[in-house]
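This is what each chain is made of:
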Amino acid sequence: MGKSNNNEGNKLTEKCLNKRLQDNINLIKSIFTKDDTLIVREFNSEYQGSIMCAVIYIDSMVNTQVVNENIIQAIMCTTLKEYTINNLLKELQNKVIRSNEVIRSSDMNRITEAIIIGDTVFLLEGYNEALIITSEGWQTRAIEEPSAEMVISGPREGFTESIMVNLTLIRRRLKTPDLKFEFKEIGERSKTKICICYLQELASPKIINELFERLASINIDGILDSAYIEELVQDSPYTPFRTIGSTERPDVVAAKLLEGRIAVFVDGTPFVLTLPFVFIEYFQSNEDYYQNFLMGSINRIIRIIGILLTISVPAIYVSLVTYHQEMIPSQLLLSIAAARKDVPLPTIVEAIAMLFVFEVLRESGARMPTSMGQAITIVGALVLGQAAVEARIISAPMVIVVALTGITGLLIPKFKSASIIIRFIFLIMASILGLYGYIFGFMGLLLMLFSMRSFGVPYMLTLNSLDPQEVKDTIIRAPWWYMHYRPHIIGAKNQFRLKSQNRRQNNGKNKV
Amino acid sequence: MEKEIVTNKQVINIMTMFLIGSTLVLGVGSDAKQDSWIAIIIGIGYVIPTVLIYSRILWLFPGKNLFQILERIMGKYVGKAVSLLFIWYAFHLGALVTRNFSEFINIVALLETPPLVPVLVLIMLCIWGVKEGIEVLGRWSQFVLPILTTILFITVILSFPLGDWTNIRPIMYNNLGPILKASYGVFSFPFAETVIFMMILGGLKGQKGYYKVYLKSILLGGFIVLIINLRNIVILGYEFIDNIYFPSYAAVSLINIGDFLQRIEILVSVVFLFAGFIKICICLLAVCYGAAQVLNITEYRILVTPIGLMMMILSLIIYDSMMEMQEWAFVYYKFYAFPFQVILPLIIWMVCEIVVKQGNKKSIAKST
């Protein structure tokens, strides 16, 4: 692949512009042969001595208004008083063409690239140079609220597929020259523009360097979404946990930048990566910070309990029913036994079958056209609930267990892949060794989490510490005036988040 | 050997878990009958000078673990031979703890499951943990220990209504004799087993507060063991404790709050499994460090899997029954462990002091 690319590149550089306009047009046409979206418009203007010129662009990649009014109309209708045949191109560039960026170039690679990304190329008879005029103008989606990350309170803007729009959204939130945007191009064929964004005063230079090193080692032909980058540069790629965060919300990215993290924007996708990503970020929602801190803390604890439940409930149920019946209160044990009396399957088979069907329902719900939603709901509710129980294929407690697992699993959609795998492993362990298997599984899970790192930062950062300063933004969300410091290690360069404890001390005193 | 960073706090957590690991489930000091809590206090008293010796040895040679010190002070061959003794001790201890596990699981829960199954799972976890290194284990225990202590103290509080304080009376009815005897048992299992930490601590970066680490963990672990032991006597009475294998488990299983909160003895298993896991990991780690030092291997990680599996096999063949295990743990173990826990460290300490003094004299002579 690399070889053919080199050949292509060589071919382009071999051909270069000469002074005849028609040759140049033919040259570009030959590069874009069999590509009918290429538009070549030749014209001349009596004001400039009727010298032939041409604009070349790709249909619908350019803003037609710009090409019409600022280039063609401008050249046709403007009188240049002093010009010679030698400085005509320069005069046009400086005095006639109304565009914010006009570059003079004779590099054939660059010209081709400019045409591809939606710039207009201007050629003039008698010159072996061309003007590259910025004129990109394609359709983009409007800024909308992201449907995957809804909030009740807080900003509703979401990223779009256009990288420049996304960068504006960040720039508008952090108005400081300290905010750096570094561009890079990745993908041999897709030539995707990506942007690494960070606050220089806060972000750790070590992590930035590490990121650039890892990005430089990427060798792939196309990047269509930020997930490609994520998978190619993340740590611990074989674990079900993600070590790079991604979000569609500019407010989230701005908050992460303020904690000293780094954001990676990828052109063509509204998902922006933030790194390093530590485990507790799964549980932090941007809404925690837009609400009262009590509410935020309660929601966060609910999320943590929910995740614990979704990975544990099937395993605990199976081990209790198969191995540790004595631990169930007698009343409950009797009703479970009554429900299970006619069920032919062992509990573990029941559990795996039900969980599998639930995952199938979930996946089909995400993929199918919306109009079929009704059918799935009815089939799911009837077949899995009522009918299966009445037919004595599945016991009623198992339906409750699976329902609880499913609902709690939806609390944090991003945790989905991890929770499915962990839940399944726990289930298998519990079916072999009862609760002891489950405990072993949990020990393994903790071991895995504590051994992981994200860009050199321990994945369970500060979760192993009971230091009050470290707990403030983990399982609870402390009020802002208690969170003086950024999470350490990540924001190590400038730890102070708040300058003074203004709020708390002033409380009450202001009234006097 | 590659150096890993563990903070003092993390080592204290590891060591506390190491101490409470198998102790909580097997129970200690039963020779002293109702006075076993006094035996524990005296045992802690015995162990403090001993750990001061351990810390002193490590302190004399900062940045070196026991095996490296042995080679340094006794020469290559004698040093390696003594290292082998310690490696055996750690290896054997690891196998004993593993066996405790499998007996516990087999007796209280999985009667018909072959002991190989839980032990294999456990040893694989330990191999994984040891391969991740002491740093991960340190952070892991720092996270887990607070949870375990919370569980323990909840069970203690919940068992208050069951307590019968006449169970610990009469205090010192049999005079000091049996108490002292039992306290030596407490000294050798679990407190002086911390000799294992000499084999791993020295090679760690930034480890200076050996004294602090040892004393703090002995006191913290000793406190937990004392409280749990006291609870067991007060709830069950020593006659009953003598007749059962796992007193903590039995004591917690009696808890019944309003017919709803009952049969929560699985919580004890949680504590036992987590703490015991750390204990096996530390033994395995010590064996691997030692083996790597003796065999001149720079990376101990390649040794972990074979040694771990060997430990598992030893644990399966080492006893015939639970009775034998108890007899070994409470009757013979203290005599067996004495050379490793006291005699050898004493000799090493004296040699260390001599070597260091001579070294100092030499360096002074050189400088003048």
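J.: Could you clarify how one ought to interpret the interface of chain B and chain A in this entry?
T.: A common measure of how large an interface is: the accessible area buried when the components associate. Taken together, the contact pairs 32 residues of chain B with 24 residues of chain A. Each partner contributes to the roughly 2800 Å² buried at the junction of chain B and chain A, and carbon and sulfur atoms together form 77% of this total. Linking chain B with chain A are one salt bridge. Across the pair Glu135 of chain B and Arg453 of chain A runs a salt bridge, and its minimum N-O distance is 3.1 Å. Elements that contribute at least two residues to the side of chain B that touches chain A include exactly helix H5 (76-108), helix H6 (116-132), helix H7 (134-158) and helix H13 (266-294) of chain B. If you tally residues by element for the side of chain B that touches chain A, the top one is H7 of chain B, at nine residues. Grouping the constituent residues of the side of chain B that touches chain A by class yields 23 nonpolar, five polar and four charged.

J.: Sorry, what's going on with the domain arrangement of chain A here?
T.: The domain boundaries assigned to chain A delineate domain 1 (2-133), domain 2 (163-277) and domain 3 (292-457). Inter-centroid distance (C-alpha atoms) of domain 1 of chain A to domain 3 of chain A is 63 Å.

J.: Where do I start with the side chain of Thr405 of chain A in this structure?
T.: Residues and elements named next belong to chain A. Topologically, Thr405 is positioned in helix H15 (residues 396-409). Residue Thr405 is classed as buried on the basis of its relative accessible area of 1%. A distance of 2.6 Å separates a polar side-chain atom of Thr405 from the backbone oxygen of Val401. Those residues in contact with Thr405 that lie beyond four places of it in its chain are Thr310, Val313, Pro314, Leu355 and Arg423.

J.: Explanation requested: the packing of helix H11 (residues 293-322) of chain A against H15 of chain A in the structure shown.
T.: For any two helices packed against each other, the geometry is given by the interaxial angle and the distance between the axes. Residue and element names in this part refer to chain A. Contact geometry of H11 with H15 gives a least axis separation of 7 Å together with a crossing angle of 160°. Overall, the two elements H11 and H15 adopt an arrangement that is roughly antiparallel. Pair H11 / H15 crosses with left-handed handedness. Contacts between H11 and H15 pair Gly306, Leu309, Thr310, Val313, Pro314 and Tyr317 from the former with Pro397, Met398, Val401, Leu404, Thr405, Thr408 and Gly409 from the latter. A per-class count over the contact of H11 with H15 returns eight nonpolar, five polar and no charged.

J.: Teacher, can you tell me more about the packing of aromatic side chains here?
T.: The geometry of an aromatic ring pair is captured by the separation of the ring centres together with the interplanar angle, meaning the angle of the planes. Scanning the entire structure with this criterion turns up 39 aromatic pairs over all chains. Ring geometry for Phe450 of chain A and Phe143 of chain B: centres 5.3 Å apart, planes at 55°, overall tilted. Taken together, the positions of Phe450 of chain A in helix H16 (residues 416-451) and Phe143 of chain B in helix H7 put the pair across two chains. An aromatic cluster of three or more residues is present, and its members are Phe241, Phe277, Phe279, Tyr282, Phe283, Phe415 and Tyr459 of chain A. The lysine or arginine in question, Arg214 of chain A, covers the ring of Phe455 of chain A, its NZ or CZ lying 4.2 Å from the ring centre. For the cation-ring pair, Lys279 of chain B lies above Phe18 of chain B, with the distance from its terminal atom to the ring centre recorded as 5.3 Å.

J.: What exactly am I supposed to notice about the sheet that holds strand S2 (residues 53-58) of chain A here?
T.: Each strand in a sheet pairs with another by means of backbone hydrogen bonds, the pair being arranged parallel or else antiparallel. All names here are of chain A. As summarised here, the arrangement of the five strands in space is S1-S2-S4-S5-S3, forming an open sheet in which the pairing is antiparallel. Where the open sheet ends on each side, the last strands, each with one partner, are strand S1 (38-43) and strand S3 (102-105). When the angles between neighbouring strand axes are averaged without regard to direction, this sheet yields 20°. The sheet contact formed by S3 and strand S5 (residues 130-133) spans four bridges and is antiparallel. By the bridge assignment for S5, Ser105 is matched with Ala130. Together, S1, S2 and strand S4 (120-124) form the strand contacts of helix H2 (residues 21-31), whose direction differs from that of S1 by roughly 170°. Sheet contacts for helix H5 (residues 108-117): S1, S2, S3, S4 and S5; angle to S5, the most-contacted strand, approximately 30°.

J.: Teacher, can you tell me more about the sheet that holds strand S9 (residues 262-266) of chain A here?
T.: Residue and element names in this part refer to chain A. Strands sit in the order S6-S7-S9-S10-S8 across an open sheet of five strands; the sheet is antiparallel. What marks the edges here is a single partner per strand, and that holds for strand S6 (179-186) and strand S8 (245-247). Averaged over all adjacent pairs, the angle separating strand axes in this sheet is 25°, with direction ignored. In this structure, S9 lies alongside strand S10 (residues 272-275), joined through three bridges in antiparallel fashion. Paired with Ile262 across the strands is Leu275, a residue of S10. Across the sheet, helix H6 (residues 163-173) touches S6, strand S7 (192-199) and S9, and the angle it forms with S6 is around 165°.

J.: Please explain unusual backbone geometry as it appears in this structure.
T.: Trans peptide bonds make up most of the peptide bonds, and negative phi angles are found at most residues other than glycine. Residues and elements named next belong to chain B. Of note, the amide linkage connecting Arg169 to Pro170 takes the cis form, showing an omega dihedral of -5°. As for its position among the elements, Pro170 is in the loop between H7 and helix H8 (176-188). Between Phe189 and Pro190 the backbone carries a cis peptide bond, its omega angle lying at 20°. For Pro190, the position within the fold is in the loop between H8 and helix H9 (195-201). Even without a glycine there, the phi angle at Met172 is positive, about 55°. By the secondary structure assignment, Met172 is in the loop between H7 and H8. Residue Met172 is classed as partly exposed on the basis of its relative accessible area of 39%.

J.: Would you mind going over helix H4 (residues 66-74) of chain B with me for this structure?
T.: Three or four residues apart is the spacing at which side chains of an α-helix point the same way, because the helix has 3.6 residues per turn. A large share of H4 of chain B lies buried, amounting to seven of its nine residues. Buried within H4 of chain B are the following residues: Leu66, Phe67, Gln68, Ile69, Leu70, Glu71 and Ile73 of chain B.

J.: Please clarify how the nonpolar core should be interpreted in this entry.
T.: Note on soluble globular proteins: their nonpolar side chains tend to be buried together. Among the nonpolar cores identified, the biggest contains 221 residues, and Phe241 of chain A together with Trp140 and Phe274 of chain B are the most heavily contacted of them. Per-element accounting of this core gives the leading share, 23 residues, to H13 of chain B. The residues that make up this core include at least three from each of domain 2 (163-277) and domain 3 (292-457) of chain A. Of all hydrophobic cores here, the second largest spans 23 residues; its members include Tyr57, Ile71, Ile72 and Ala74 of chain A.

J.: So what exactly am I meant to see when it comes to the confidence of the model for chain A here?
T.: Close inspection of predicted coordinates is inappropriate for parts of the model with low pLDDT. All names here are of chain A. Taken residue by residue, chain A gives an average pLDDT of 84. The fraction at 70 or more is 90%. Least confident of the elements in chain A is helix H18 (residues 502-506), whose mean pLDDT is 45; most confident is S9, at 93. Throughout residues 1-10 the model reports pLDDT below 50, and contacts reaching past four residues in sequence, or to other chains, amount to six contacts. Segment residues 500-512 is flagged for pLDDT under 50; beyond a separation of four residues in sequence, or across chains, it makes four contacts in the model.

J.: What should I look at first to understand the pattern of salt bridges in this one?
T.: Oppositely charged side chains are able to pair whenever their charged atoms sit close together. All names here are of chain A. One pass over the structure, following the stated rule, counts 30 salt bridges over all chains. Across the pair Arg20 and Asp23 runs a salt bridge whose closest N-O atoms are separated by 3.6 Å. Take Asp23: its relative accessible area is 28%, and that puts it in the partly exposed class. When the shortest N-O distance is used, the salt bridge between Arg367 and Glu363 registers 3.1 Å. A residue pair is termed a helical-turn pair when its members lie 3 or 4 positions apart in one helix, as Arg367 and Glu363 do in helix H13 (residues 347-367) at four residues. Assessed through its relative accessible area of 61%, Arg367 is described here as exposed.

Rules behind the numbers
- Residues numbered from 1 in each chain as written.
- Chains lettered and ligands numbered in written order.
- Predicted model: local features only at pLDDT ≥ 70, side-chain atom pairs only at ≥ 80, totals over all residues.
- Heavy atoms only, no water.
- Contact = heavy atoms within 4.5 Å.
- Buried area = accessible area lost by both parts, 1.4 Å probe.
- Salt bridge = Lys/Arg side-chain N within 4 Å of Asp/Glu carboxyl O.
- Helix = DSSP H or I, 4+ residues; strand = E, 2+ residues; numbered from the N terminus.
- Nonpolar A, V, L, I, M, F, W, Y, C, P; charged D, E, K, R; others polar.
- Domains from an automatic or database assignment.
- Buried < 20%, exposed > 50% of the residue type's maximum accessible area, 1.4 Å probe, protein only.
- Polar contact = N/O pair within 3.5 Å; in protein donor to acceptor, adjacent residues only side chain to side chain.
- Axes fitted to C-alpha atoms, helices over the stretch in contact; angles between N-to-C directions.
- Parallel < 35°, antiparallel > 145°, perpendicular 65-115°, else oblique.
- Left-handed = near helix turned anticlockwise from the far one by under 90°.
- Phe/Tyr/Trp six-rings, centres within 6.5 Å; stacked < 30°, edge-to-face > 60°.
- Lys NZ or Arg CZ within 6 Å of the ring centre and 35° of its normal.
- Pairing = 2+ DSSP bridges.
- Core = buried A, V, L, I, M, F, W, Y, C linked by side-chain atoms within 4.5 Å.
- pLDDT = per-residue confidence, 0-100.

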